[in-house]
Amino acid sequence: MPELSEEYSQKSAGNAVPGPSATVRLSAGREGPDGLDPLFQAVSASAGDVPALLELAQEAGKQWPKPGEGSTGLLWELLATVAAIDVAAARVFEPHLDALAILAQAGQDPAPASGAWGVFAAEGPGVRLSAERNGSGVVLTGSKPWCSLAPLLDHAVVTAHTDDGGRAAFAVDLRQAGVTCEEPEWVARGLQEIPSGTVRFSSVPAEPLQGTNWYFSRPGFAWGGMGVAACWLGGAVGIARDYRDSLRAGRLSGREPDQVALAALGELDRTLTSALACLAGAAEGIDRPGQTPAEQVSPQQGDAGQVPPWSNALRVRGTCAAAVERVLSVVGSNRGPGPLAFDRKYAKRMADLALYVRQHHGMRDDAQLGTLTLKGDAPW
């Protein structure tokens, strides 16, 4: 793993350094995380090396803020910056940091169970993971799909079906007997170093994290969903920077960009600036002074005059996903086939992000948002 300098945990004055480690800002006019540039440089040097990235993610987990604790915008800037460097690296960082946040929200201290964490909450046809009482404890039995990097992780926050008909979250040690991580036949060209396979559990002891349905009803569920959107958007910033840099390189060689190329760059600017502002506004709302996490409305309830977090999460995720799709289209059509065929880093970034943003549920999420809007969960 690349060594980090002593500047890692210190903030520095001035602007973000140019190049691949430039910070992705959610808003202008405030101090940013430039003091973490050594970490960003280490991420760039470690791209494609998942064990090294997992070590860096663990270092970040000791330093970076958690959502809902006053620096949500800074956290999302950090995640977006990692994604702008390498999309797959963000797929390593985000679940580890999300797991630590979930443990904190549940009142658990992850320090005794150090190591790399994941979050396995997906469901799939034909597979089911059940939580069963076993004396005074709980064991997990069944299968869980879409478990990214499971063979390389030490622990995970896992959701499982409970005997009362709901689902609950559990912390589980993945190194225990009874845990089998399947090696998926990952044929995708995107996120090749982040395969997501099925994990099978056979009476594996697990620690409950609060009660049934707590995982989905806590405000942190919405915060985590928006953190993923920050990663999507950071990846789009990286692609837009690729396009901008290609125009600059052309200008240096005597090829001035034409009106079509400049119009595309202008569209990228307003698309990304608007989406970043949307994220910044959401972060400011989460961290509004005088409002503690316990006082924030949950995704399933709301007080008069307040917008439930899950409505806002759907709004933010949809806005960021649309921005990402537009960036992929504009840059792909304007740069043409050459860079996709011969520029390894650019081609990887395009393929990684195109797959990552498929986590968004598209019109189904908009339909859910429409249902909530019909009930009055909207600021307008």
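Structure shown above.
Residue positions are given per chain, counted from 1 along the sequence in the order it is written. Side-chain atom pairs in this predicted model are given and counted only at pLDDT of 80 or more, local residue features only at pLDDT of at least 70, and totals for whole chains, interfaces and linings cover all residues. Hydrogens and water molecules were not included; the side-chain quantities draw on all heavy atoms of the structure.

## Regarding the side chain of Thr-159
For step 1, the next point in the chain: Secondary structure is summarised from DSSP: a helix means a run of H or I of at least four residues, a strand means a run of E of at least two, and numbering begins at the N terminus for each. Looking at the element boundaries, Thr-159 is found in strand β4 (residues 155-161).
For step 2, the next point in the chain: When residues no more than four places from it in sequence are discounted, the contact partners of Thr-159 are Phe-120, Ala-121, Glu-123, Leu-129, Lys-144, Arg-167, Ala-168, Ala-169, Tyr-215 and Phe-216. Whether two residues touch is decided by their heavy atoms; if any such pair falls within 4.5 Å, the residues are in contact.

## Examining the environment of Val-119
For step 1, the next point in the chain: Looking at the secondary structure, you find Val-119 in strand β1 (residues 117-120).
For step 2, the next point in the chain: Taking C-alpha positions, Val-119 is 6.0 Å from Val-158, a pair spaced 39 residues apart along the chain.
For step 3, the next point in the chain: Beyond its immediate sequence surroundings of up to four residues, Val-119 is in contact with Pro-95, Asp-98, Ala-99, Ile-102, Val-157 and Tyr-215.

## Examining the pairing of β1
The side chains of a regular strand alternate between both faces of the sheet.
For step 1, the next point in the chain: Burial of β1 is two-sided: the residues Trp-117 and Val-119 facing one way and the residues Gly-118 and Phe-120 facing the other way are all buried.
For step 2, the next point in the chain: Two strands pair when backbone bridges link them, and β1 and β4 are joined in this way by 4 bridges, in the parallel orientation. The residue of β4 that forms the bridge with Gly-118 is Ala-156. Here the term buried applies to any residue with accessible area under 20% of the maximum for its type, exposed to any over 50%, and partly exposed to those in between, with areas from a 1.4 Å probe on protein chains only. Note on pairing: DSSP must find at least two bridges between two strands before they are called paired.

## With respect to the packing of aromatic side chains
For step 1, the next point in the chain: Within 6.5 Å between ring centres, the rings of Phe, Tyr and Trp (the latter by its six-membered ring) count as paired, and their orientation is classed by plane angle as stacked under 30 degrees, edge-to-face over 60, tilted in between. Enumeration over the complete set of coordinates arrives at 5 aromatic pairs.
For step 2, the next point in the chain: With 4.9 Å between their ring centres and 85° between their planes, Tyr-215 and Phe-216 make a pair best called edge-to-face. As far as burial versus exposure is concerned, Tyr-215 and Phe-216 are alike and both buried.
For step 3, the next point in the chain: Ring geometry for Phe-216 versus Phe-221: centroids 5.4 Å apart, planes at 70°, classification edge-to-face.
For step 4, the next point in the chain: On the basis of relative accessible area, Phe-216 is assigned to the buried category, the value being 16%.
For step 5, the next point in the chain: Seen from the ring of Tyr-346, Arg-335 lies directly overhead, with NZ or CZ sitting 4.4 Å from the centre. Only lysine NZ and arginine CZ atoms are considered, and such an atom sits over a ring when it is within 6 Å of the ring centre and within 35 degrees of the ring normal.

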